[in-house]
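Commentary on secondary and tertiary structure
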Amino acid sequence: MATILEAKGLSKSFGAVTAANDINARIEQDSVVGLIGSNGAGKTTFINMVTGYLKPSAGTILYQDRDITGMQPRRVTQLGICRSFQIPQLFNTLSVYENIRVGVGIAGRSRSAPRQSEPEARAQIDRLIEDFGLGGYRTQAAGLLPEGVRKALDIAMAVAGRPRVLLLDEPTSGVSADEKFRLMDMVMSALAAQRVTVLFVEHDMDIVSRYTHRILAFYEGRIIADGEPQEVLQHAEVLRYVIGEQLHVSAGKEASRAAD
Amino acid sequence: MNDAKTPTAFWDRTMIGLSAALLVLLIVGLVLPQWALSFGTVGVYLGIVVLGMALLMRTGLVSFGQGLYYCLGAYAAGTLDHFFNLSDLLVMVVAGALLAGVVAGILGLLLARYRDIFFAMLSLAFSMILYGLLVKTSQLGSTDGFGLSVKTFAGIALSGGRARYLIFSFACLLGFVAAAFMHRYWSSHLGRLATAIRDNELRVEYMGESVRRVIHLNYVISATLAGIGGALMAGAIGHVDPETTANWTTSGEFVFIAILGGTGSVFAPFLGAGIFEAVRTFALERFPNTWQMSLGITMLLVMIFLPGGLWSAFRARRRTA
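Residues numbered from 1 in each chain as written. Chains lettered and ligands numbered in written order. Predicted model: local features only at pLDDT ≥ 70, side-chain atom pairs only at ≥ 80, totals over all residues.

1. A few points about the overall build of chain B
- Helix and strand counts for chain B come out as 13 helices and 4 strands.
- The C-alpha radius of gyration of chain B comes to 19 Å, within 12% of the 20 Å expected for a compact globule of 321 residues.
- Taken along the three principal axes of its C-alpha coordinates, chain B extends 55 × 45 × 45 Å.
- The contacts in chain B between residues at least 6 apart in sequence include a share of 79% that link residues at least 24 apart. (Helix = DSSP H or I, 4+ residues; strand = E, 2+ residues; numbered from the N terminus. Rg over C-alpha atoms; globule rule 2.2 N^0.38 Å. Contact = placed C-beta atoms within 7 Å.)

Okay, here's the thing in structure tokens:
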């Protein structure tokens, strides 16, 4: 498969703190990639650099072989890279319908996307509302929605931009355990008909192993493992630094030694 | 706010309401006394200026310097008569709108970078710079300003008893056009973006739109409306001076009216302007030494009981109906 996104030697420092350290990754078109790692491992920093929120201290980001390093967020979006947020970024006084409409409206005026007529735009809004299970909240102000619905709306707004690459920052955080799979099923089935490359940050390993083709595991700003889910989730460093099983085993051994 | 339906038909409820209001005003104006026509004209030109303020407020910005463009509009009209002997009201209004729009286009490049109190204070600073310049310019009458006379409107002579009615009618027509334009604009994609920007600038940028570009555009529109209002005022009053146009107290009045009327509808600025002018006129007559207190009490009551402005009372009634 062709590479759609590539990070070469990507680093980001905040004073003495290195949030990303020589990240190298090639993302294939139409793949679903999970970004895992403990808090502060560099996952969100990576997403923020790709989407233009943070300018890398070093390295380059290529999108369809075009250098997008340090580009402004709106330029990156106009090229076809859209994102959702860990804390949903909504227009709280606007209704669910209007939130999506703003996104569809902006995408409809973008030079990189094909122009939409008003009926086409409306049809897209209706489809997104249906795909993301927002039908019951259509006229409600976004500021009054429950957290799970806010998450779904946040992602729907990103999808409204008709992305080629979609970056989801912890799409299931703050969502109840029963709702997580339902939300991810909705997202994946909404994207199924489109050719979208998905990268998502996730802490729930069941979600990661179920929905991804590939995992990038981060630790202290570096990628410590990159490969298929079964392979990465069994990787010794991932078990130790990301999943923490090694620590549990060690802690268990310490406890039994103490008991002896 | 939460209407899922998007009005696409030209003749929606607001447009019908605006047309009906225009028709009623034009007919009633025929029998109104001169003082009432003057009062109505003041209400309309203030409403046009505040309509622009409402657009800025919907974008999350408060300008304390809208007097700058009101003043430019007024002085554009005044200088046309004073220096070029052009005394057609239509030409004056067009000149006022153009001058205000062009200046806003330039200043907006800087102002669109600022938000909150910085935007408010910077807009005030520009207004006070113009005030200072006018006060020191003897050719433009310094603090006294100068008088002007409007002789025609689109070539029609404005003389005798019908002059006030014609100016009032023209003001109403301009108010209708401004309100209809703003109503369509608020229903458009760019109009919706104003509210989206107020709610969450970051997300708008991440959706691929330039927040600065939208703010700049809205700033120019609001300034153009202030220029129209200023030119109308100059034509109706027949006098321009820095104190009643560019001074911060005038800009403060526009903010006052915007809060009084609300920003929820294109009718709200006109309602706010009418009530403001009525309270001020009544208070000046009855309590000449403490008239500001009446305005203060009015504002206090509105903020406590109708925080969305006077217009929100109508919206609440419609919801409960």
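From this point, things continue past the structure.
2. Focus: the overall build of chain A
- Helix and strand content of chain A: 10 helices and 10 strands.
- Taking 18 Å as the expected radius of gyration for a compact globule of 260 residues, we find that chain A reaches 19 Å, a close match to that expectation.
- The principal-axis extents of the C-alpha atoms in chain A amount to approximately 70 × 40 × 35 Å.
- The long-range share in chain A, meaning contacts at least 24 apart out of those at least 6 apart in sequence, stands at 66%.

3. Some thoughts on unusual backbone geometry
- At Asp30(A), a residue that is not glycine, the phi angle is positive and equals roughly 70°.
- Within the secondary structure, Asp30(A) sits in the loop between β2 (17–28) and β3 (32–36).
- Take Asp30(A): there are 15 C-beta atoms within 10 Å of it, and that puts it in the partly exposed class.
- Positive phi values are uncommon outside glycine, yet Ala154(B) reaches one of about 50°.
- By the element assignment, Ala154(B) lies in the loop between β2 (152–153) and β3 (156–157). (Buried ≥ 20, exposed ≤ 12 C-beta atoms within 10 Å, placed from the backbone.)

4. Comments concerning the interface of chain B and chain A
- Listed per partner, the contact involves 19 residues of chain B and 28 residues of chain A.
- Those elements that place two or more of their residues in the side of chain B that touches chain A are α7 (189–199) and α8 (201–206) of chain B.
- Top contributing element to the side of chain B that touches chain A by residue count: α7(B), with 6 residues.

5. A few points about the pairing of strand β9 (residues 214–219) of chain A
Residue and element names in this part refer to chain A.
- For β9, the tally of buried residues reaches 5 of 6 residues, placing the bulk of the element in the interior.
- For β3 and β9, the ladder comprises 4 bridges, and the chain directions are parallel. For Leu35, the partnering residue across the bridge sits in β9 and is Leu216.
- Hairpin connection, β9 to strand β10 (residues 222–227): the antiparallel pair is bridged by 2 residues, and Glu220 has positive phi, about 50°. (Pairing = 2+ DSSP bridges.)

6. Here's the deal with the confidence of the model for chain B
Residue and element names in this part refer to chain B.
- Per-residue confidence for chain B gives a mean pLDDT of 91, with 96% of residues at or over 70.
- In this model residues 1–5 is a low-confidence stretch, pLDDT under 50, and it forms 11 contacts with partners more than four residues away in sequence or in other chains.
- For this predicted complex, the interface confidence score (ipTM) comes to 0.86, while the overall pTM stands at 0.88. (pLDDT = per-residue confidence, 0-100.)

7. Points about the sheet that holds strand β8 (residues 197–201) of chain A
Residue and element names in this part refer to chain A.
- Strand order in the open sheet made by the 6 strands is β6-β7-β8-β3-β9-β10, with mixed pairing throughout. Here the strands that pair on one side only, and so sit at the sheet edges, are β6 (81–83) and β10. Across the sheet, the mean angle from the axis of one strand to that of its neighbour is 20°, orientation sign disregarded.
- Taken together, the 5 bridges between strand β7 (residues 165–169) and β8 define a ladder with parallel strand orientation. What sits directly across from Val165, in β8, is Thr197. (Axes fitted to C-alpha atoms, helices over the stretch in contact; angles between N-to-C directions.)

8. Some details on the pairing of β10(A)
- Pairing of β9(A) with β10(A), which is carried by 5 bridges, proceeds in the antiparallel orientation. Bridge pairing in β10(A) links Leu216(A) to Asp226(A).

9. Topic: the confidence of the model for chain A
All names here are of chain A.
- For chain A, per-residue confidence averages 88 on the pLDDT scale, and 92% of positions sit at 70 or higher.
- In the model of chain A, helix α10 (residues 245–259) stands out as the element of lowest mean pLDDT, 50, in contrast to strand β4 (residues 58–63), which has the highest, 95.
- Confidence drops under a pLDDT of 50 for residues 246–253, and excluding neighbours within four residues, the segment shows 2 contacts in the predicted structure.

10. Here we look at the sheet that holds β4(A)
All names here are of chain A.
- Ordered by their spatial adjacency, 4 strands build an open sheet running β2-β1-β4-β5, and the pairing between neighbours is antiparallel. Edge positions in the open sheet fall to β2 and β5 (66–67), since each of these has one partner strand only.
- Judged from the 8 bridges that link them, strand β1 (residues 3–14) and β2 form a sheet pairing that is antiparallel. Looking across to β2, one finds that Thr3 is bridged to Glu28.
- Across the sheet, helix α1 (residues 43–50) is in contact with β1, β2 and β4; its angle to β2 comes to roughly 65°.

11. Some points on the environment of Phe39(B)
All names here are of chain B.
- Mapped onto the secondary structure, Phe39 falls in helix α2 (residues 34–58).
- By C-beta crowding, Phe39 is classed as partly exposed, having 17 other C-beta atoms within 10 Å.
- For the pair Phe39 and Gly274, spaced 235 residues apart in sequence, the C-alpha to C-alpha distance is 8.3 Å.
- Not counting residues within four places of it along the chain, the set of residues in contact with Phe39 comprises Glu277 and Thr281.

12. Some words on the environment of Leu199(A)
Residues and elements named next belong to chain A.
- For Leu199, the position within the fold is in strand β8.
- Sequence spacing of Leu199 and Lys151 is 48 residues, and the spatial spacing of their C-alpha atoms is 16 Å.
- For Leu199, the residues in contact, after removing those within four places along its chain, are Ile27, Val33, Leu35 and Leu167.

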